[in-house]
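Listed here are the chains, written in short residue letters.
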Amino acid sequence: MSVEETGSNKHFGGWQKRYRHFSSSLDCEMVFSVYLPPQAEQAKVPVLYWLSGLTCNDQNFVTKAGAQRYAAQHGVAIVAPDTSPRGDAVADEDRWDFGQGAGFYLNAGEQPWAKHYQMYDYIVTELPALINATQAVDAGRCGIFGHSMGGHGALTIALKNPGLFKSVSAFSPICAPMQCPWGEQALGRYLGSDRQQWQAYDSCELVSIRAIKSTILIDQGGDDEFLLEQLKPELFVQACEKSGQEVTLRMQAGYDHSYYFISSFIGDHIQHHAEVLATV
């Protein structure tokens, strides 16, 4: 559980910090960032886990989303991990949508990916244990959100772990990975050809099995270039309607897939989580 602090900046009365540690789940060195609001100096605060999208690391959210202002206002901590295992010993390919930077928040079963690509275990088990042991956070008031590939991760992880993550939201999530090119590539190569195994990482399949207590908030840009081919939020809404899952899908006209979009609505998402976690 040893971690090394590599950066610390005062921000909106709290602290934006960055850490490095060796991950036993991923068998490599990892970095993650944590924003601690000023309220954390007096008591443990609720904690949100942000999962970023393809090609990103922990710093994209920290530097572009503008979340710290709202986290300080609502008194919540935000943890931003990397999107995949990293390093020279970690399997990779010369492409932006698979391999390093594209871990898809699952546990790979196919070689050479299985040795390091265990991002589901890292996000659900190892990282929360590390955060709970080293930061002033309330483990009983925990939420998860993310963008694109990270939105896929947030939805699937929340649906599979409602006892751990009490609130969930997403920006432009990959909602039906079994029915889009990004998802078919990732699930097929990380998990193998058995599509029944893919269902464990598909939000539409998971919500059809069990609805969760928390309302799911999704924001989707109307001018997102990936909307029709890759994201398919309408399929998730249809699955939610069948299972009785409460979901709010907000189509935001004119917005694209970028952090300009995320920063425009990040305050709403943090408020959504804060209100849910206040009732836990």
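So, a few notes on the structure that sits alongside this text. From a predicted model like this one, the values you see are computed outputs, not experimental measurements.

**Observations regarding the overall build of the chain**
Along the chain, the regular secondary structure elements total 10 helices and nine strands. Its C-alpha atoms give the chain a radius of gyration of 17 Å, near enough to 19 Å, the size a compact globule of 280 residues would have. Dimensions along the principal axes, computed over C-alpha positions, put the chain at roughly 50 × 40 × 35 Å. Within the chain, the proportion of its 280 residues that are buried is 57%. In the chain, the proportion of contacts linking residues at least 24 apart, taken out of those at least 6 apart, comes to 72%. Of the accessible surface of the chain, which amounts to about 11200 Å², a share of 47% is contributed by carbon and sulfur atoms. Seen as two clouds, the 20 positive and the 31 negative side-chain charges of the chain have centres 6 Å apart.

**A closer look at the layout of surface pockets**
Of the pockets and cavities examined, the largest pocket occupies roughly 240 Å³. For the largest pocket, the lining is made up of 15 residues, of which L54, T55, H147, F226 and H257 are closest to its centre. Of the residues that constitute the lining of the largest pocket, the class distribution is six nonpolar, seven polar and two charged. Taken as a whole, the second largest pocket holds about 210 Å³ of empty space. Forming the walls of the second largest pocket are P162, F165, K166, S167, V168, I212, K213, S214, T215, V276, T279 and V280. Tallied by class, residues from the lining of the second largest pocket come to six nonpolar, four polar and two charged.

**Quick look at the pattern of salt bridges**
A pair can form between side chains of opposite charge whenever their charged atoms are brought close. What the rule picks out here adds up to 12 salt bridges. Two residues, K17 and E5, come together in a salt bridge whose shortest N-O distance is 3.5 Å. Of the two residues, K17 sits in strand β2 (residues 14-23) while E5 sits in strand β1 (residues 4-11), which places them 12 residues apart along the sequence. Taking the relative accessible area as the measure of exposure, E5 reaches 43% and is therefore partly exposed. Of the charged contacts in the structure, one is a salt bridge between D268 and R250, with a shortest N-O distance of 2.9 Å. Separated by 18 residues along the polypeptide, D268 in helix α10 (residues 259-277) and R250 in strand β9 (residues 247-252) bring together distant segments of the chain. For R250, a relative accessible area of 26% gives the class partly exposed.

**Description of the pairing of strand β8 (residues 216-221)**
Counted residue by residue, β8 has six buried out of six residues, so it is predominantly covered. The alternating pattern of β8 places I216, I218 and Q220 on one face and L217, D219 and G221 on the opposite face, and all of these are buried. Pairing between strand β7 (residues 167-171) and β8: four bridges, direction parallel. Across the sheet, V168 pairs through a bridge with I216, a residue of β8. Across six bridges, the pairing between β8 and β9 is parallel. Pairing of L217 across the sheet is with T248, part of β9.

**Some thoughts on unusual backbone geometry**
The omega angle of the peptide bond from Q111 to P112 is 5 degrees, so this bond is cis rather than trans. Relative to the assigned elements, P112 resides in the loop between β5 (77-81) and α3 (119-134). Positive phi outside glycine occurs at F104, with the angle close to 60 degrees. When you line up the elements, F104 lands in the loop between β5 and α3. In this structure, Y105 takes a positive phi of about 55 degrees despite not being glycine. Tracing the chain through its elements places Y105 in the loop between β5 and α3. Judged by its relative accessible area of 0%, Y105 is buried.

Conventions we followed
- Residues numbered from 1 in each chain as written.
- Predicted model: local features only at pLDDT ≥ 70, side-chain atom pairs only at ≥ 80, totals over all residues.
- Heavy atoms only, no water.
- Helix = DSSP H or I, 4+ residues; strand = E, 2+ residues; numbered from the N terminus.
- Rg over C-alpha atoms; globule rule 2.2 N^0.38 Å.
- Buried < 20%, exposed > 50% of the residue type's maximum accessible area, 1.4 Å probe, protein only.
- Contact = heavy atoms within 4.5 Å.
- Areas by Shrake-Rupley, 256 points an atom, 1.4 Å probe, with all protein chains shown as cover.
- Lys, Arg positive; Asp, Glu negative; His and termini not counted.
- Charge placed at Lys NZ, Arg CZ, Asp CG, Glu CD.
- 1 Å grid on protein atoms, 1.4 Å probe; cavity = no way out; pocket = protein on both sides within 12 Å on 5 of 7 lines; lining within 4 Å.
- Points joined across faces, edges and corners; volume = space filled by probe spheres on them.
- Nonpolar A, V, L, I, M, F, W, Y, C, P; charged D, E, K, R; others polar.
- Salt bridge = Lys/Arg side-chain N within 4 Å of Asp/Glu carboxyl O.
- Pairing = 2+ DSSP bridges.

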